[in-house]
Amino acid sequence: MDDMTTANQTPARRPRVFSGMQPSGAFHLGNYLGALKQWVQGQDEKENFFCIVDLHSLTVQQDPAALRQRTREFAAMYLAAGINPDRCSLFIQSHVAAHAEGCWLLNCVTPLGWLQKMTQFKDKAARQESVSAALLDYPVLMAADILLYDANEVPVGEDQKQHVELARNIGERFNHLYGETFAIPEPMIPKVGARIMGLDDASRKMSGSNAHIRGHAVRLLDEPKEIEYVFKRAVTDSHGEIRFSDDPERAGVNNLLGIYKVITGRSEEQVLADFASARGYGDLKMRVAEVVIEELGPIRERYHQLIAEPAELDRLLAIGAERARSVAAPKVREMMEKMGLVVA
Ligand code: ATP
Ligand code: LTN
């Protein structure tokens, strides 16, 4: 038995982790270092649910064929990066109907004002001509994802912290209105890697939506030549000094050092010692490109093997969805009962 039993014989379950990623845009180094790498590192001690949140992707217009293809590519990417399907339930959000059902029920306890305050909504809405109702509702679906599993920990990059806090508020409100139902989750933001900046503009976070701009991001499937090219062109500054800094003018160099630090797992002192004999930013960029290429090489290889075996991928996703359903469906039922629906 995995779970420990305490003195009073209540089984103490392992901390439960839930996280997800939208299968839209390209999978980039920020997604990997800010989120996926942390998921892989924590997976052995925890009970994990990792989800490809395709319903979230629909909040902005998608090409149907491309969305379908990317959803499966993202699943292969999770596995290639080291997600172990024996340790984690890996599934596609739309395969588990409880997410959409739970979202509706949570909508009914969520004040509109909470959603209108979300910075991601304000940013995304400002960039679009036509804004769907779903874009505003996005964080409620995310709250359903998390709360239905009684997740204790939600590993995400810095930009998702506000959404996890909203999920906490919604969970607390439901518990207050209808009695104890949900565990209240904590966002787990990595100390390093939580905010990888664009390589073409270090004042903006590296983003999937901008990954088509050559030089902005390293995409996980980029060939070594392309990775070198992107790092060679990365923005730096005119100070010519290799050091960590929170000065916005030095954000480019700081970002390169941060990428190196999180991949190598070294301390700041060790990182600086590694570059003590570097001859300028050219050396720094090449060394960072090298560690990124070393890190991503095996992932790219495994990815190509996995994507060539679609039946195996579907089998793993079906197992993941079944495990997820067995947790989420009874929770939705409990919500329905508490809210006064006639449960069949
Ligand atoms: P968008 O196109 O909306 O910018 P994205 O690139 O931010 O998309 P998401 O699917 O929103 O990607 O994010 C997936 C995960 O990766 C989230 O946990 C998010 O916090 C993390 N993440 C995204 N970008 C970065 C980044 N630049 N640095 C660190 N973590 C990131
Ligand atoms: N909004 C998240 C993706 C997401 C998520 C979740 C993350 C949807 N549901 C539940 C953690 C937990 C993003 O990364 N853009």
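Thresholds applied
- Residues numbered from 1 in each chain as written.
- Chains lettered and ligands numbered in written order.
- Predicted model: local features only at pLDDT ≥ 70, side-chain atom pairs only at ≥ 80, totals over all residues.
- Heavy atoms only, no water.
- Near = heavy atom within 4 Å.
- Polar contact = N/O pair within 3.5 Å; in protein donor to acceptor, adjacent residues only side chain to side chain.
- Areas by Shrake-Rupley, 256 points an atom, 1.4 Å probe, with all protein chains shown as cover.
- Nonpolar A, V, L, I, M, F, W, Y, C, P; charged D, E, K, R; others polar.
- Salt bridge = Lys/Arg side-chain N within 4 Å of Asp/Glu carboxyl O.
- Helix = DSSP H or I, 4+ residues; strand = E, 2+ residues; numbered from the N terminus.
- Buried < 20%, exposed > 50% of the residue type's maximum accessible area, 1.4 Å probe, protein only.
- Pairing = 2+ DSSP bridges.
- Right-handed = clockwise from strand over helix to strand, strands pointing away.
- Core = buried A, V, L, I, M, F, W, Y, C linked by side-chain atoms within 4.5 Å.
- Contact = heavy atoms within 4.5 Å.
- Axes fitted to C-alpha atoms, helices over the stretch in contact; angles between N-to-C directions.
- Left-handed = near helix turned anticlockwise from the far one by under 90°.
- Phe/Tyr/Trp six-rings, centres within 6.5 Å; stacked < 30°, edge-to-face > 60°.

Quick question: what am I supposed to make of the site of ligand 2 here?
Every one of the 13 residues lining ligand 2 counts as a neighbour, but His56, Tyr138, Met142, Asp145 and Gln160 are closest to it. At 2.6 Å, a side-chain N or O of Asp145 approaches a nitrogen atom of ligand 2. One of the side-chain N or O atoms of Gln160 is found 2.9 Å from a nitrogen atom in ligand 2. In the complex, 92% of the free accessible area of ligand 2, which totals 360 Å², lies under the protein chains. A per-class count over the shell around ligand 2 returns 7 nonpolar, 5 polar and 1 charged.

Got a minute to help me understand the pattern of salt bridges in this structure?
In total, this model carries 23 salt bridges according to the counting rule given. Residues Arg300 and Glu223 are paired through a salt bridge, measuring 4.0 Å at the closest nitrogen-oxygen approach. Of this pair, Arg300 sits in helix α12 (residues 280-307) while Glu223 sits in the loop between β7 (186-188) and α9 (224-232); the two residues are 77 residues apart in sequence, bridging distant segments of the chain. Classification of Arg300 as buried rests on a relative accessible area of 11%. For Glu334, the salt bridge is made with Lys338, and the minimal N-O distance between the two is 2.8 Å. Pair noted here: Glu334 and Lys338 are both in helix α13 (residues 310-339), with a separation of 4 residues, about one helical turn. Within this structure, Asp150, Lys331, Glu334 and Lys338 form a network of salt bridges that share partners.

So what exactly am I meant to see when it comes to the site of ligand 1 here?
In the neighbourhood of ligand 1, 21 residues make up the surrounding shell, with His28, Asp159, Lys205, Gly208 and Ser209 lying closest. A distance of 2.8 Å separates an oxygen atom of ligand 1 from a polar atom in the backbone of Gly157. For ligand 1, an oxygen atom lies 2.5 Å from a polar atom in the side chain of Asp159. Across the complex, the protein chains shield 93% of the 600 Å² of accessible surface that ligand 1 would expose by itself. Here the shell around ligand 1 gets 4 residues from one element, more than from any other, and that element is helix α1 (residues 29-42).

Before we go on, may I ask you to explain the pairing of strand β3 (residues 16-21) in this structure?
Along a regular strand, successive side chains alternate from one face of the sheet to the other. For β3, a buried count of 5 out of 6 residues is recorded, marking the element as mostly surrounded by other parts of the structure. The pairing of β3 with strand β4 (residues 47-52) spans 6 bridges and is parallel. Within β4, the position partnered with Met21 by the bridge is Ile52. What joins β3 to β4 is α1, and the crossover it makes is right-handed.

Whenever I open this one, the nonpolar core confuses me. Can you help?
Leu29, Tyr32, Leu36, Tyr78, Phe231, Ile259 and Val292 are the most contacted members of the largest nonpolar core, which has 57 residues in total. Top element by residues in this core is α12. It accounts for 9 residues. The residues touching Leu29, leaving out its near neighbours within four places in the chain, are Gly34, Met206, Val218, Leu220, Phe231, Ile259, Val292 and Leu296. Formed by 42 residues, the second largest nonpolar core is a distinct cluster that contains Met118, Phe121, Ala143 and Ile170.

I'm lost on the packing of helix α4 (residues 98-107) against helix α7 (residues 133-147) in this one. Help?
Working note: a packed helix pair is described by the angle between its axes plus the distance between those axes. Between α4 and α7, the shortest axis-to-axis distance is 8 Å and the interhelical angle comes to 115°. Considering only the axes of α4 and α7, their crossing is right-handed. Here His99, Gly102, Cys103, Leu106 and Asn107 of α4 lie close against α7, whose contacting residues are Asp137, Val140, Leu141, Ala143, Ala144, Asp145 and Leu147. Broken down by class, the residue content of the contact of α4 with α7 amounts to 7 nonpolar, 3 polar and 2 charged.

Would you explain unusual backbone geometry in this entry?
In terms of backbone geometry, most residues other than glycine have negative phi values and most peptide bonds are trans. With a phi angle near 50°, Asp150 is a residue other than glycine that sits in the positive phi range. Tracing the chain through its elements places Asp150 in the loop between α7 and β6 (153-155). Looking at Asp150, the relative accessible area reads 16%, which means it is buried.

Sorry if this is basic, but what is going on with the environment of Val235 here?
Within the secondary structure layout, Val235 lies in the loop between α9 and α10 (251-264). The class for Val235 is partly exposed, based on a relative accessible area of 31%. Each C-alpha atom, one on Val235 and one on Tyr281, is 9.9 Å from the other, the two residues being 46 residues apart in sequence. Those residues in contact with Val235, other than ones at most four positions away along the chain, are Leu199, Asp200, Asp201, Ala202, Gly252 and Val253.

What am I meant to see in the side chain of Arg250 here?
Looking at the element boundaries, Arg250 is found in the loop between α9 and α10. If near-sequence neighbours (up to four positions away) are discounted, Arg250 is found in contact with Asp237, His239, Glu241, Arg243 and Ser245.

Whenever I open this one, the packing of aromatic side chains confuses me. Can you help?
Any aromatic ring pair is given by two values, namely how distant the centres are and how the planes are angled relative to each other. Following the criterion strictly, the structure yields 10 aromatic pairs and no others. Considering the side-chain rings of Phe18 and Phe91, the 6.4 Å spacing of their centres and the 70° angle between planes classify their relative orientation as edge-to-face. One end of the pair, Phe18, is in strand β3; the other, Phe91, is in strand β5 (residues 88-92), with 73 residues separating them in the sequence. For the pair formed by Phe18 and Phe91, the shared burial category is buried.

Looking at this structure, how should I read the pairing of β5?
β5 sits mainly inside the fold: 5 of its 5 residues count as buried. Residues Cys88, Leu90 and Ile92 of β5 are buried on one face, and the alternating residues Ser89 and Phe91, pointing to the opposite face, are buried as well. Sheet topology note: the β4/β5 ladder contains 5 bridges and is parallel. Note on β5: the bridge partner recorded for Cys51 is Phe91.

Keep in mind that these numbers describe shape and distance, not what the molecule does.
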